[in-house]
Amino acid sequence: MTTYLAARTLLLAQPDRANAPTLPPSPEGTNAAELVRNLLSTGPGAAARFAFNEPERLRWRRDPAPRPGLAVKDMTPEQVGLLDQLLQTALSDFGLQCLTDIRREQDMRGRHEDGLGAGYFWFAAYGAPWAWRLGGHHVSLHFTYDGDDLVSAAPLMLGGELAGDNEADWAGYRCVRPREVTARALIAHLDDRLWAKAQVEETAPRGMELSEPRPSALGDTRGLRLSEADPKHRLLARNILETHLSVLKQPLAEGLIRQFDGRPDSFYLAWAGPRAP
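Attention in this report is confined to the structure presented alongside it. Note that the structure is predicted; figures quoted are calculated from it, not measured.

Rules of the game
- Residues numbered from 1 in each chain as written.
- Predicted model: local features only at pLDDT ≥ 70, side-chain atom pairs only at ≥ 80, totals over all residues.
- Heavy atoms only, no water.
- Core = buried A, V, L, I, M, F, W, Y, C linked by side-chain atoms within 4.5 Å.
- Buried < 20%, exposed > 50% of the residue type's maximum accessible area, 1.4 Å probe, protein only.
- Helix = DSSP H or I, 4+ residues; strand = E, 2+ residues; numbered from the N terminus.
- Contact = heavy atoms within 4.5 Å.
- Salt bridge = Lys/Arg side-chain N within 4 Å of Asp/Glu carboxyl O.
- Polar contact = N/O pair within 3.5 Å; in protein donor to acceptor, adjacent residues only side chain to side chain.

## Digging into the nonpolar core
One broad rule of soluble globular proteins: the nonpolar side chains tend to lie buried together.
Right, on to step 1. Among the nonpolar cores identified, the biggest contains 58 residues, and Phe123, Trp132, Leu134, Leu141, Phe143, Leu190 and Leu248 are the most heavily contacted of them.
Right, on to step 2. With 6 residues, the top contributor of residues to this core is helix H1 (residues 32-40).
Right, on to step 3. The contacts of Leu141, once residues within four sequence positions are left out, are Leu87, Leu91, Leu99, Trp132, Arg133, Leu134, Pro155, Leu156, Met157 and Leu158.

If you want it as structure tokens, here you go:
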């Protein structure tokens, strides 16, 4: 698995799996599979079901356009409750608060713009080995399972309005701001040789959308391989990774940190845009 620290977000790329059309059997007790099954069998849930090899399953995007699947605004109250429980199986308390803050921020924007608001996020589920996704403006969550085991949270993004401030209505900004500060501290410490490797584009991609399971616009060999950086740079990169993964429940986040510590050659820093803010 190749991991990219790219601009203000983290891109985790890993191979696809063979398609299968059904979800796994429900074990005893309530788990993610049971919650997904109940959500799909309630109200308009059938609109959220797709084959595992559907390209949208690994599509990373942050724009406000509709996604395939079932919008939160079209869910029944029971489905909204099931989705909340499902999110609690994958996100940490901090991650849940970030998502709540982002949706509150979108409600504020929705007062003045059509197509924005807490209900404009789309849920989708995919066949076994199975997965589910929640996406909308500044949100791109993807979780893949092998049976009952959560094996991937890639691609992953929780963002916010960078034009905002620390006021309550811009709560999503508080979620993303520490990550940007840490990332800019890292590139500020790079010398010209390392910066030339890290900067892969002079401007950030418009819309910040990636449609392949790995960031194909970057490629496997573009960016700064972190094994080439000195310990000071790797420590800053580790801080970015820890900050980003803090939205996930353990032990998935811990496993990625261990991978970073043991194999920095599998991590790249790829920066799109100028060095200065």
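Structure shown, so let's carry the discussion forward.
## A short note on the pattern of salt bridges
Pairs may arise between side chains of opposite charge once their charged atoms sit close together.
Right, on to step 1. Considering all chains together, one arrives at 11 salt bridges under this definition.
Right, on to step 2. A single salt-bridge network, built from bridges that share partners, covers Glu56, Arg59, Arg61, Asp63 and Arg67.

## Comments concerning the side chain of Ser92
Right, on to step 1. Turning to its location among the elements, Ser92 is positioned in the loop between helix H2 (77-90) and helix H3 (93-110).
Right, on to step 2. Classification of Ser92 by relative accessible area gives buried; the value is 12%.
Right, on to step 3. A polar side-chain atom of Ser92 sits 3.1 Å from the main-chain amide nitrogen of Gly95.
Right, on to step 4. Setting aside chain neighbours within four positions, we find Ser92 in contact with Ser246, Val247, Leu248 and Lys249.

## Structural notes on the environment of Thr42
Right, on to step 1. Note on placement: Thr42 falls in the loop between H1 and strand S3 (49-50).
Right, on to step 2. Residue classification places Thr42 among the buried positions, given a relative accessible area of 14%.
Right, on to step 3. With 36 residues separating them along the chain, Thr42 and Glu78 place their C-alpha atoms 7.8 Å apart.
Right, on to step 4. Sequence-distant contacts of Thr42, defined by excluding residues within four places in its chain, comprise Thr76, Glu78, Gln79 and Leu82.

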